[in-house]
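Survey of secondary and tertiary structure
Here's the letter readout for the chains.
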Amino acid sequence: MNLQDYFSLVFSDYTLRTITFGTAILGAVTGMLGSFAVLRKQSLLGDAISHAALPGIALAFLITGAKDTNTLLLGALVSGLVGTFWIRGIVTKTHLKSDTALGLILSLFFGFGMLLLTFIQKQPNANQAGLDKYLFGQAATLVESDVWLMAIVTGICLIVMLLFWKEFKLLLFDPDYTKTLGFNTKFIDILITTFIVLAIVLGLQTVGVVLMSAMLLAPAAAARQWTNSLGTMVFLAAIFGAFSGVFGTAISASQDNLSTGPVIVIVASVFVIFSFVFSPGRGLLFRQIRFIKNRRDLEFQKTLAFMYHIAETHEDISHPHTIKILNNFQGFTRKTLQKLADKNYVTLDGAMWSLTEEGFETAANLYNQNFKKHE
Amino acid sequence: MKSMDNIKNTNSKDETTASISANEAGAVVMAVKVDDLTVAYNYKPVLWDIDLEIPEGVLMAIVGPNGAGKSTLIKAILGILKPIAGSVSIYGKPYHKQRSHVAYVPQKGSVDWDFPTVALDVVMMGTYGSLGWIKRPGVKEKKAALEALEKVGMLPFKNRQISQLSGGQQQRIFLARALVQDASIYFMDEPFQGVDATTEIAIINILKELRKAGKTVVVVHHDLQTVPEYFDWVTFLNVKKIATGPVKDIFNDDNLTKTYGINYKVSVQK
Ligand SMILES: Nc1ncnc2c1ncn2[C@@H]1O[C@H](COP(=O)(O)OP(=O)(O)OP(=O)(O)O)[C@@H](O)[C@H]1O
Ligand SMILES: [Mg+2]
């Protein structure tokens with residue numbers, strides 16, 4: 001199947017449609033919530049939560065013996081929440097830095113989870129195979145009810161976000177100030193964190209424990225490059241996330257052996273790289289272009305100013321001088337000279353140049369203008 | 001320094017404060033009262049047993065060396081930090097009942113200015129407290145925010161991304177955000193940090209205007225030279241409270257030396 005086949009099949013093939021919807025919704029909700037994590041500088045949080053969810057999956061299996069997704073994800077949710085609030089507790093009660101706490105919980109829970117998984121694998125139980133799919137995810141196992149669950153959680157998340165938008169923004173920007181205004185910052189914080197945990201748990205089946213945090217961070221980091229408004233950023237992150245889901249699914253479906261989760265994450269990373277290079281405001285490329293342009297402008301102005309100082313000493317401002325004089329001056333290039341001529345600021349005559357009336361005026365105002373610009 | 005003129009007796013602290021802002025009954029109106037406040041981040045307290053009374057209507061400087069606990073004191077008064085001992089009251093009631101009367105200008109470095117938002121939006125945040133949960137700011141709030149921007153001379157920058165403002169401009173945005181709160185008591189943590197002389201004058205004029213309107217303004221201040229010129233009341237702080245009172249009476253070499261450790265000679269004459 002190639003990509004074209006995929007896009008024609010996606011509307012007719014039930015399984016493919018389910019998976020595509022699932023990954024799109026997942027991408028959207030993680031992108032949205034990821035914006036909050038990124039702006040709170042909690043990039044590691046997603047990683048810690050997803051790793052903390054693993055023992056929950058194993059324990060849920062051990063206790064119930066069932067392998068049905070909802071039971072296992074419920075286990076993941078509980079241990080994810082326990083891990084997360086344990087981290088919060090460590091940060092507020094001790095003076096460990098938050099990244100230390102995150103790393104600690106991440107390794108502790110993940111190690112415990114892996115231990116349980118190995119234990120389960122050794123058991124003589126025909127039912128045990130396939131739990132390790134939660135490590136890297138397996139989008140192919142998504143069924144319609146999973147997608148519905150994702151859609152409902154995303155819907156609730158959207159409503160809560162719109163409702164508490166003002167409070168979220170305030171807390172993200174200035175938590176101390178939020179407190180002085182009388183908002184219960186703990187409540188807002190728990191609300192945001194709980195939704196992040198929910199989104200991550202929902203993604204475990206598709207993307208898996210190991211790569212889940214990339215789903216949280218990549219779309220948000222990409223979105224940040226394109227806008228200076230929080231609303232737009234959250235919206236863009238959702239779009240980028242959804243597209244990563246769809247494209248990732250498409251690519252992995254058209255290449256038989258690729259597992260979906262990692263492909264989705266790679267697509268999301270492409271969004272990040274593209275944004276970091278090409279976004280107009282903050283992108284590397286445009287910054288470089290702006291830099292070069294500024295330098296050119298400066299060369300241009302410096303040359304003009306230099307000419308002005310020479311011309312000033314003569315009665316007739318348009319008195320011709322040799323181009324050689326300009327060689328003493330470092331900012332000068334042939335290209336700049338040509339540009340000055342193009343603008344009618346100088347006239348060139350063989351090896352001589354002379355300032356025009358217009359050029360003289362402009363040069364005289366150069367410093368004033370610069371000065372005004374900086375005011 | 002008008003409020004200074006009617007001080008008759010400067011020997012007794014109580015009588016001094018009484019003349020600042022006495023109501024008809026002759027009782028002192030205390031805007032802020034701090035009792036036995038002790039605050040610690042780790043084990044060692046950074047504020048020790050602070051007693052402090054701030055009379056209504058003063059423009060007070062809090063001075064002390066880096067790490068003296070000035071920011072911590074303000075944060076503890078505002079309930080951002082939980083003290084390990086002591087209490088704070090605002091007009092006789094605990095802070096959480098008096099929030100609407102108090103505005104706060106945090107130290108500029110306390111937030112990430114690369115946050116995706118514009119100047120006007122930050123100033124609008126000053127209205128969030130009175131709006132309460134869920135309710136969105138509307139036309140009225142926007143108007144108030146624009147007025148505050150105008151007051152601090154930042155109206156032309158209202159749609160500017162906040163990371164593209166200079167340090168002094170960011171400071172003015174924070175000031176505008178506090179002005180929007182329309183409070184009775186203002187706590188400001190180093191509002192003059194990194195601003196040029198023009199901005200400093202603009203800000204101090206706003207503070208004096210607030211005082212004239214009967215507000216109480218408490219400012220963490222680092223430039224000792226300007227204390228007598230800008231403020232009428234001063235608190236010396238270095239983990240413990242060294243002294244508090246009218247600038248005229250207590251702003252002297254003795255207290256400065258006690259606070260800053262070194263033998264301090266005030267070059268400013270009264
Ligand atoms: N979050 C924190 N965790 C641990 N210690 C802290 C924390 N914030 C401040 N401190 C410590 O508490 C003491 C007082 O700090 P504070 O910020 O109140 O000082 P300050 O007087 O405002 O100083 P500055 O003039 O530098 O602003 C310092 O010794 C500081 O190291
Ligand atoms: Mg401070």
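Quantities reported herein were computed from a predicted structural model and do not represent experimental measurements.

Thresholds applied
- Residues numbered from 1 in each chain as written.
- Chains lettered and ligands numbered in written order.
- Predicted model: local features only at pLDDT ≥ 70, side-chain atom pairs only at ≥ 80, totals over all residues.
- Heavy atoms only, no water.
- Contact = heavy atoms within 4.5 Å.
- Buried area = accessible area lost by both parts, 1.4 Å probe.
- Salt bridge = Lys/Arg side-chain N within 4 Å of Asp/Glu carboxyl O.
- Helix = DSSP H or I, 4+ residues; strand = E, 2+ residues; numbered from the N terminus.
- Nonpolar A, V, L, I, M, F, W, Y, C, P; charged D, E, K, R; others polar.
- Pairing = 2+ DSSP bridges.
- Axes fitted to C-alpha atoms, helices over the stretch in contact; angles between N-to-C directions.
- Near = heavy atom within 4 Å.
- Polar contact = N/O pair within 3.5 Å; in protein donor to acceptor, adjacent residues only side chain to side chain.
- Areas by Shrake-Rupley, 256 points an atom, 1.4 Å probe, with all protein chains shown as cover.
- pLDDT = per-residue confidence, 0-100.
- Domains from an automatic or database assignment.
- Buried < 20%, exposed > 50% of the residue type's maximum accessible area, 1.4 Å probe, protein only.
- Donors = N, O, S within 2.8 Å, 3.2 Å for Na, K, Ca; no water.
- Expected span 1.5 Å × (residues − 1).
- UniProt positions renumbered as here; feature names shortened; annotations may be inferred.

Counting from both sides, the interface comprises 36 residues of chain B and, opposite them, 30 residues of chain A. In this assembly, chain B packs against chain A so that about 2900 Å² is buried in total across both faces, 61% of it on carbon and sulfur atoms. At the boundary of chain B with chain A, the tally comes to 6 salt bridges. In this structure, the salt-bridge partner of Arg177(B) is Asp174(A), at a minimum N-O distance of 2.8 Å. When contributions to the side of chain B that touches chain A are tallied by element, the ones reaching two or more residues are helix 4 (119-124), helix 5 (128-131) and helix 7 (167-180) of chain B. Counting residues per element, the side of chain B that touches chain A draws most heavily on helix 5 of chain B, which supplies 3 residues. Within the side of chain B that touches chain A, the residues separate by chemical class into 19 nonpolar, 9 polar and 8 charged.

What follows is about the sheet that holds strand 9 (residues 233-238) of chain B. Residues and elements named next belong to chain B. The strand order across the open sheet built from 6 strands is 6-7-8-3-9-10, with neighbouring strands paired in mixed fashion. Of all strands in the sheet, those bounded by a partner on one side alone are strand 6 (102-105) and strand 10 (240-246). Taken pair by pair, the neighbouring strands of this sheet meet at an average axis angle of 15 degrees, ignoring direction. Here 5 bridges tie strand 7 (residues 185-189) to strand 8 (residues 216-220), and the two strands are oriented parallel to one another. Residue Met188 lies in a different strand from strand 8, and its bridge partner there is Val219. Along the sheet, helix 7 makes contact with strand 6 and strand 7, crossing strand 6 at roughly 170 degrees.

This part covers the site of ligand 1. All names here are of chain B. In the vicinity of ligand 1 lie 13 residues, with Gly67, Gly69, Lys70, Ser71 and Thr72 positioned nearest. At 2.9 Å, a backbone N or O of Gly69 approaches an oxygen atom of ligand 1. A total of 640 Å² of accessible area belongs to ligand 1 in isolation, and the protein chains cover 60% of it. For the shell around ligand 1, the per-class residue count stands at 4 nonpolar, 7 polar and 2 charged.

All names here are of chain B. Here chain B averages 86 in pLDDT, and 87% of its residues register 70 or above. The low-confidence segment residues 1-21, where pLDDT is below 50, has 35 contacts with residues more than four positions distant or belonging to other chains. Confidence metrics for the complex model read pTM 0.84 and ipTM 0.87.

Let us now look at the domain arrangement of chain A. As far as domains go, chain A holds domain 1 (3-279) and domain 2 (286-374). Distance between the C-alpha centres of domain 1 of chain A and domain 2 of chain A: 58 Å.

Glancing now at unusual backbone geometry. Of note in the backbone geometry, Lys41(A) takes a positive phi value of approximately 60 degrees without being a glycine. As for its position among the elements, Lys41(A) is in the loop between helix 2 (14-39) and helix 3 (43-64). Not every positive phi belongs to a glycine, and Tyr91(B) is a case in point at roughly 45 degrees. With respect to the element layout, Tyr91(B) can be found in the loop between strand 4 (85-90) and strand 5 (93-94). Its relative accessible area of 25% is what places Tyr91(B) among the partly exposed residues.

Residues and elements named next belong to chain B. At this site the magnesium ion (ligand 2) is bound by Ser71 (OG) and Gln107 (OE1), with donor distances of 1.9 to 2.6 Å. With Ser71 in helix 3 (residues 70-77) and Gln107 in the loop between strand 6 and helix 4, this pair connects stretches of sequence that are 36 residues apart. On the accessibility criterion, Ser71 (19% relative accessible area) is buried.

For helix 5 (residues 98-122) of chain A, which comprises 25 residues, the first-to-last C-alpha distance of 36 Å matches the rise-based estimate of 36 Å (1.5 Å per residue) to within 8%. Along helix 5 of chain A, the residues that are buried comprise Ala101(A), Leu102(A), Ile105(A), Leu106(A), Phe109(A), Gly113(A), Leu116(A), Leu117(A) and Ile120(A).

Under the UniProt annotation, "transmembrane region" (unreviewed entry) lies at residues 21-39, 45-64, 71-89, 101-120, 147-165, 190-218, 230-251 and 263-286 of chain A. Spanning residues 190-218 of chain A, this segment combines 76% helix with 0% strand, and its end C-alpha atoms are found 23 Å apart.

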